[in-house]
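# Structural description and commentary
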Protein chains: 2
Amino acid sequence: MPSQAILKKIAALKLSKYRQKYGQFTVEGRKGVDEVIHSRYKVHSILATSEFAEKNSVPHGTEIIPEIQMKQISQFATAPGILALAETLNYNVSNLNDNAPITLCLDGISDPGNLGTIIRTADWFGINQVVLSTDCTDFYNAKTLSSTMGSFTRCVFVYTDLAGFLKDKNSVGCFLSGTDVNQFKPKSPIFLVVGSESHGIRDSIAKIIREKITIPGYGKAESLNAGIAAGIVMEKIARFLAG
Amino acid sequence: MPSQAILKKIAALKLSKYRQKYGQFTVEGRKGVDEVIHSRYKVHSILATSEFAEKNSVPHGTEIIPEIQMKQISQFATAPGILALAETLNYNVSNLNDNAPITLCLDGISDPGNLGTIIRTADWFGINQVVLSTDCTDFYNAKTLSSTMGSFTRCVFVYTDLAGFLKDKNSVGCFLSGTDVNQFKPKSPIFLVVGSESHGIRDSIAKIIREKITIPGYGKAESLNAGIAAGIVMEKIARFLAG
């Protein structure tokens, strides 16, 4: 049974400032917990409710806590029933692989669910290096991690000044007008920039992007959702580079 | 100024049972309101806060209400500040166009935001006919409408027994294994089936789908998000059929 002090600390990790202060985060749900214990992350403890443990096999060493305590420490309205406490990994630009075929660059993605879904999609297409503008939402937000469906464990990510980072790089971004993405012939290593849900790619970044591409539409919608556009473009670039 | 009775009724429309009972729904936010007043929907009234009306141009006839009342009738934690009250449209299978090149068929999509994003993506690719299994979330849910970014106004949609509907039809569905979507040569009219976020396409529907396709991955994620997969496949089928 974890101590009250530990439970109080876990509850504090709901806020990003405490995740930064303690260098720890929680991930909830079977998929996320399963993946984090088999990853490069250092896991401190795994907590589950007896209800969860009765219905599912739980990892060795899982501590059982009452449902009411799980409710208090969970970051979800409906607690998934299993939670892992792990140490954050802090990457910086020197950790990036300069020869990674595709690096995903995210400009102002503010919705945790969108960020998680984009990281999951990237992982599907073999893209595991992500550079985020400093105003993107927190990678270790529980909703972000949950939406990645475990893909966060394979992601090397850096928050930095995106405009500075992209200078002199082979960058491509998705806009409402530009080269048809189907005619675009990417060269590796490439840096794919995805803009925010509401404002797209900001001007200061748009002006340094080397290649502007677009996804032709056949209907009357004004734009595509950022995550959907990112998915369509990642599929095309990854497939082209895979030959 | 709308009467208390009208405001009470609008607040009741937060629940789908009252939307069905009254045959009315609300749409919030500038984009949704702008689109609904220029659509086939019959709009009864438009309400905005003075704060919204000062910062934005509002449609002729907009009634100004206090912010506290907008808070009470809004379906969002942060009320967008403008709301339209309109009559629902009730389509049935006889309203569907048998010759529509692509009909989107949704099996058990339960998240309103996902449903809205899928409808928006479909509209981008010129797909405006959607058939939903009866357990899909409500089309007129405020979050669904908002996520469509106005595309709901162009969508003809029917809730029905999806397995029965698809019988003897030229159907295709996205699975974890099947024909590579890039090798797939669709023939119009085609019925594209998208499965639920957590369970994919249910077995009773999977077994009657004529063509099973898949989106090849190059990484380690187990699956793609339903909306992302739908977006990638819609783009490919729409582009193929557009020649």
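Just above, that's the structure.
Residues numbered from 1 in each chain as written. Chains lettered and ligands numbered in written order. Predicted model: local features only at pLDDT ≥ 70, side-chain atom pairs only at ≥ 80, totals over all residues. Heavy atoms only, no water.

## Here we look at the packing of helix H10 (residues 226-242) of chain A against helix H10 (residues 226-242) of chain B
Where H10(A) contacts H10(B), the axes come no closer than 9 Å and their chain directions differ by 65°. Here the hand of the crossing between H10(A) and H10(B) comes out right-handed. On H10(B), the residues that touch Gly227(A), Ile228(A), Gly231(A), Ile232(A), Glu235(A), Lys236(A) and Arg239(A) of H10(A) are Gly227(B), Ile228(B), Gly231(B), Ile232(B), Glu235(B), Lys236(B) and Arg239(B). (Axes fitted to C-alpha atoms, helices over the stretch in contact; angles between N-to-C directions. Helix = DSSP H or I, 4+ residues; strand = E, 2+ residues; numbered from the N terminus. Left-handed = near helix turned anticlockwise from the far one by under 90°. Contact = heavy atoms within 4.5 Å.)

## Here's the deal with the sheet that holds strand E5 (residues 102-106) of chain A
The strands making up a sheet associate through backbone hydrogen bonding, with each pair oriented either parallel or antiparallel. Residue and element names in this part refer to chain A. As summarised here, the arrangement of the six strands in space is E7-E6-E5-E9-E8-E10, forming an open sheet in which the pairing is parallel. Lying at the two open borders of the sheet, with one neighbouring strand each, are strand E7 (156-160) and strand E10 (211-214). Going across the sheet, the axis of each strand differs from the next one's by a mean of 35°, ignoring polarity. With five bridges connecting them, E5 and strand E9 (residues 190-194) associate as parallel partners. (Pairing = 2+ DSSP bridges.)

## Some remarks on the interface of chain B and chain A
Taken residue by residue, the interface counts 32 residues in chain B and 32 residues in chain A. Approximately 3,100 Å² of surface area, both sides summed, lies buried where chain B meets chain A, with 61% of it carried by carbon and sulfur atoms. When the buried surface of chain B facing chain A is broken down by residue, Arg120(B), Trp124(B) and Tyr218(B) rank first, second and third, together holding 26% of it. For the pair chain B and chain A, the number of links is four salt bridges. For Glu235(A), the salt bridge is made with Lys236(B), and the minimal N-O distance between the two is 2.9 Å. Our count for the chain B to chain A interface comes out at 20 residue pairs in polar contact (both at pLDDT 80 or more). Of all the secondary-structure elements, those providing two or more residues to the side of chain B that touches chain A are helix H6 (112-124) and H10 of chain B. (Buried area = accessible area lost by both parts, 1.4 Å probe. Salt bridge = Lys/Arg side-chain N within 4 Å of Asp/Glu carboxyl O. Polar contact = N/O pair within 3.5 Å; in protein donor to acceptor, adjacent residues only side chain to side chain.)

## Examining the environment of Met234(A)
Turning to its location among the elements, Met234(A) is positioned in helix H10. In this view, Met234(A) contacts Leu104(A), Ile118(A), Thr121(A), Ala122(A), Phe125(A), Ile127(A) and Leu192(A); residues no more than four positions away in its chain are not counted.

## Some words on the relation of the copies chain B and chain A
Under the fitted operation, chain B is carried onto chain A by 0.0 Å of movement along the axis and a turn of 180°, and the coordinates agree to an RMSD of 0.0 Å. This pairing of chains is accounted for by a two-fold axis. Comparing contact sets, 100% of the residues at the interface of chain B also lie at the interface in chain A, consistent with an isologous, same-surface contact. (Least-squares fit on C-alpha atoms with pLDDT ≥ 70 in both.)

## A few points about unusual backbone geometry
Residues and elements named next belong to chain A. The linkage connecting Ser 188 with the following residue, Pro 189, adopts the cis geometry, with an omega of -5°. As for its placement among the helices and strands, Pro 189 is situated in the loop between strand E8 (171-180) and E9. Its identity as a non-glycine residue notwithstanding, Asp 168 has a phi of 65°, on the positive side. On the secondary structure map, Asp 168 appears in the loop between helix H8 (162-166) and E8. In this structure Asp 168 comes out as exposed when scored by relative accessible area, which is 68%. (Buried < 20%, exposed > 50% of the residue type's maximum accessible area, 1.4 Å probe, protein only.)

## Observations concerning the side chain of Asn56(B)
All names here are of chain B. Examined against the element boundaries, Asn 56 turns out to sit in the loop between helix H4 (50-55) and strand E3 (63-65). At 2.9 Å, the side chain of Asn 56 and the side chain of Arg 30 are in polar contact. Of note is the side chain of Asn 56, whose polar atom sits 2.9 Å from the backbone oxygen of Phe 52.

## Thoughts on the nonpolar core
Among the nonpolar cores identified, the biggest contains 130 residues, and Leu104(A), Leu106(A), Leu104(B) and Leu106(B) are the most heavily contacted of them. With residues near it in sequence (within four places) discarded, Leu106(A) still touches Leu115(A), Ile118(A), Val130(A), Val131(A), Leu132(A), Ser133(A), Cys136(A), Leu162(A) and Val194(A). (Core = buried A, V, L, I, M, F, W, Y, C linked by side-chain atoms within 4.5 Å.)

## Details of the state of the cysteines
Under the defined criterion, the tally for this structure stands at zero disulfides over all chains. With no disulfide of its own, Cys174(A) lies closest to Cys105(A) among cysteine sulfurs, the gap being 14 Å. Looking at the unpaired Cys105(B), the closest cysteine sulfur is the one in Cys136(B), lying at 10 Å. (Disulfide = S-S within 2.5 Å.)

## Focus: helix H6 (residues 112-124) of chain A
Residue and element names in this part refer to chain A. End to end, H6 covers 19 Å across 13 residues, agreeing with the expected 18 Å (1.5 Å per residue, within 8%). Counting buried positions over the 13 residues of H6 gives twelve, a clear majority of the element. Looking only at H6, the buried set comprises Pro 112, Asn 114, Leu 115, Gly 116, Thr 117, Ile 118, Ile 119, Arg 120, Thr 121, Ala 122, Asp 123 and Trp 124. For H6, the N-terminal cap is Asp 111; the gap from its side-chain oxygen to the backbone nitrogen of Gly 113 is 3.1 Å. The first or second residue beyond H6 is Gly 126, which carries a positive phi of 75°. (Expected span 1.5 Å × (residues − 1).)

## Points about the pairing of strand E5 (residues 102-106) of chain B
Residues and elements named next belong to chain B. Counting buried positions along E5 gives five out of five residues, so the element sits mostly inside the fold. Alternating positions in E5 separate into two faces, Ile 102, Leu 104 and Leu 106 on one and Thr 103 and Cys 105 on the other, with burial throughout. Note: E5 against strand E6 (residues 129-133), three bridges, orientation parallel. By the bridge assignment, Leu 106 is partnered in E6 with Leu 132. Tracing the backbone out of E5, into H6 and back to the parallel element E6 gives a crossover that is right-handed. (Right-handed = clockwise from strand over helix to strand, strands pointing away.)

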